[in-house]
Amino acid sequence: MDFIKDIQENDRKTFFKDFENSKKYSECSEEEVPNKSSNSRPLIADFTEYSPLHNGHFHCMKTAKEKIPDGLFVAVVPGLFERSGRGLPYILHRKTRAEIAIAVGADIVVEGPPMGIMGSGQYSLCLTKMFQALNTDFIPRGYRPFDGYEKILERISLGHGVAPKPYKIVDMDTKEVIYNGKLEEDNYVIVSFSKSLKKIGFDFKDKFIFVPRIEGVSGTLIRKACSENNLESVKSMLPSETLRILEREINEDRAPLHDLRVEDYIIDSANNLSFEDLLKLNFFNEKLAKELVEKREEKPFESIAEIENSIFYGFSSHFKNRVLSILETKINADMISEYINNYPSTVRVLNYKNEAVLEEFKDKVFENGNKFVKNIVTD
């Protein structure tokens, strides 16, 4: 628990530092932006949580590298607060996830947005802004094939934005309904990316590398095996590098982290933040803030379960976990909005193959000037 608390406290400091720096950088003129030209190789930017990196992730990486053999492979690994887009803790700290990514073949690992304190549209926008900021040439994405989905992928390959509407998928360029029904999570992410990329004006025609998901990998079984310290049962689902580093982290008592939250922080926020302060938090509205205040006035919260039971179901099945993550971190909605507007003025490199690759990456990012990135730091 001390390790988890250290992560949260350090990440709060980093978030606020990044936030203040981003405001400062946004005031800089374009003349102050570094301007380099290079003949660097194409950059492949792959967003994946790697919690942990399994054979499915490895297959996607290998496929992209085979298709673009001279590519610079950059993994975008979600960062601050160690919470996924579903609002749940990761199995491993991002630095460890980055270490595994380099061990299996990535050239550079950069820190992605703090997904757990954002809505899906917010973090999708951040991720696509990262693709834009990195001067990305190719974006590999795994998907689950089914009848009708190929048509969606064809439109995205043409550079069309595709928007998910209630029970239908619409081509943003032609306004056609190209699919009736809902998409499961992996396939939805691709559609969401295309919508956000279109929104920021990034030309993604022919940039996506779509990779069909492989069978025989279960995230649920991997998480269960980590919780029970029974990695032998999922050995066939993980690259040897993942298995080795995961075993090391478990032995050093730095994993697994996915069943842990700083409950004291959450309970303290739910019991002691004023109605006005609750209302300022991301995801919160009057109904939710009022519900928590009324429940704690009857009886102060003593457990996470009591707080969860007081949170109504939101627009997604992950809403409760996201609210818990916000109570854990106490980040306001207006701050998130401004953070997204200036994202990612600082690109934080978590790990890299070698110094030559790091310099090549920097040259690529600042190729022909870059109005989005003001600073690249190594963590």
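Look up: the structure comes first, before these words.
Residues numbered from 1 in each chain as written. Predicted model: local features only at pLDDT ≥ 70, side-chain atom pairs only at ≥ 80, totals over all residues. Heavy atoms only, no water.

Peer 1: What is the right way to look at the sheet that holds strand 7 (residues 177–180) in this model?
Peer 2: Each strand in a sheet pairs with its neighbour through backbone hydrogen bonds, running either in the same direction (parallel) or in the opposite one (antiparallel). Spatially, 5-6-7 is the arrangement adopted by the 3 strands of the open sheet, whose pairing is antiparallel. Edge positions in the open sheet fall to strand 5 (162–165) and strand 7, since each of these has one partner strand only. The sheet shows a mean angle of 20° between the axes of neighbouring strands, direction not considered. When strand 5 meets strand 6 (residues 168–171), the two strands line up antiparallel, connected through 4 bridges. Among the inter-strand pairings, P164 is bridged to a residue of strand 6, identified as I169. (Pairing = 2+ DSSP bridges. Helix = DSSP H or I, 4+ residues; strand = E, 2+ residues; numbered from the N terminus. Axes fitted to C-alpha atoms, helices over the stretch in contact; angles between N-to-C directions.)

Peer 1: Quick question: what am I supposed to make of the side chain of S124 here?
Peer 2: Within the element layout of this structure, S124 appears in helix 4 (residues 120–133). With relative accessibility at 2%, the residue S124 sits in the buried group. Excluding its chain neighbours within four sequence positions, the residues that come into contact with S124 are S192, F193 and S196. (Buried < 20%, exposed > 50% of the residue type's maximum accessible area, 1.4 Å probe, protein only. Contact = heavy atoms within 4.5 Å.)

Peer 1: Any chance you could explain the nonpolar core here in plain terms?
Peer 2: The tendency in soluble globular proteins is for nonpolar side chains to be buried as a group. In this structure, L134, I152, F284, I307, L327 and F361 are the most contacted members of the largest nonpolar core, which totals 80 residues. Ranked by residues supplied to this core, first place goes to helix 4 with 7 residues. Those residues in contact with F284 that lie beyond four places of it in its chain are L278, L279, A289, L292, V323, I326 and L327. Of all hydrophobic cores here, the second largest spans 34 residues; its members include I68, A75, V77 and I250. (Core = buried A, V, L, I, M, F, W, Y, C linked by side-chain atoms within 4.5 Å.)

Peer 1: Help me understand the packing of aromatic side chains, please; the structure alone is not making it clear to me.
Peer 2: The geometry of an aromatic ring pair is captured by two quantities: the separation of the ring centres and the angle between the planes. Enumeration over the complete set of coordinates arrives at 13 aromatic pairs. Relative to F16, the ring of F15 has its centre 5.6 Å away and its plane inclined at 80°; by these criteria the two rings are edge-to-face. Classification of F16 by relative accessible area gives partly exposed; the value is 27%. Over the ring of Y90 we find R97; its NZ or CZ atom is 3.9 Å from the centre of that ring. (Phe/Tyr/Trp six-rings, centres within 6.5 Å; stacked < 30°, edge-to-face > 60°. Lys NZ or Arg CZ within 6 Å of the ring centre and 35° of its normal.)

Peer 1: What is the right way to look at the packing of helix 9 (residues 263–272) against helix 13 (residues 319–329) in this model?
Peer 2: Two numbers describe a pair of packed helices, the interaxial angle and the distance between the axes. Contact geometry for helix 9 and helix 13: axes closest at 7 Å, N-to-C directions at 90°. One element, helix 9, and the other, helix 13, form an angle in the roughly perpendicular class. Of the residues in helix 13, those touching helix 9 at Y265, I266, S269 and A270 are L324, L327 and E328. Taken together, the residues of the contact of helix 9 with helix 13 break down into 5 nonpolar, 1 polar and 1 charged. (Parallel < 35°, antiparallel > 145°, perpendicular 65-115°, else oblique. Nonpolar A, V, L, I, M, F, W, Y, C, P; charged D, E, K, R; others polar.)

Peer 1: Help me understand the pattern of salt bridges in this model?
Peer 2: Between side chains of opposite charge, a pair can form as their charged atoms come close. Per the counting criterion, the structure on display carries 31 salt bridges. Taking the shortest distance from any N to any O, the salt bridge between D173 and K198 comes out at 3.3 Å. Residue D173 is located in the loop between strand 6 and strand 7, and its partner K198 is located in helix 6 (residues 185–200); the two are separated by 25 residues in the primary sequence. Note on K198: relative accessible area 31%, which makes it partly exposed. With a closest N to O distance of 2.9 Å, R248 and E249 form a salt bridge. Under the relative-accessibility criterion, R248 is labelled partly exposed at 31%. The network of salt bridges with shared partners includes D11, D18, E82, R94, R97, E111 and R348. (Salt bridge = Lys/Arg side-chain N within 4 Å of Asp/Glu carboxyl O.)

Peer 1: Where do I start with the pairing of strand 7 in this structure?
Peer 2: Sheet topology places strand 6 next to strand 7; 3 bridges connect them, and they run antiparallel. Bridge pairing in strand 7 links I169 to Y179. Connecting strand 6 to the antiparallel partner strand 7 that follows it, the hairpin turn spans 5 residues, and K175 within it adopts a positive phi of roughly 70°.

Peer 1: How do you make sense of the pairing of strand 2 (residues 72–78) when you look at a structure like this?
Peer 2: Two faces belong to every sheet, and in a regular strand the side chains alternate between them. Burial within strand 2 is extensive, with 7 of its 7 residues counted as buried. Side chains L72, V74, V76 and P78 project from strand 2 onto one buried face, and the interleaved F73, A75 and V77 project onto a second face that is buried too. The pairing of strand 1 (residues 43–47) with strand 2 spans 5 bridges and is classified as parallel. Each residue of the ladder has a partner; that of L43, found in strand 2, is L72.

Peer 1: What is the right way to look at the side chain of H258 in this model?
Peer 2: Mapped onto the fold, H258 is located in the loop between helix 8 (240–251) and helix 9. When its relative accessible area of 11% is taken as the criterion, H258 is described as buried. Engagement of the side chain of H258 in a polar contact is seen with the backbone oxygen of R223, the distance being 3.3 Å. A polar atom in the side chain of H258 sits 2.9 Å from the side chain of S227. Once residues within four sequence positions are removed from consideration, H258 is found in contact with P89, Y90, I91, R223, C226 and S227. (Polar contact = N/O pair within 3.5 Å; in protein donor to acceptor, adjacent residues only side chain to side chain.)

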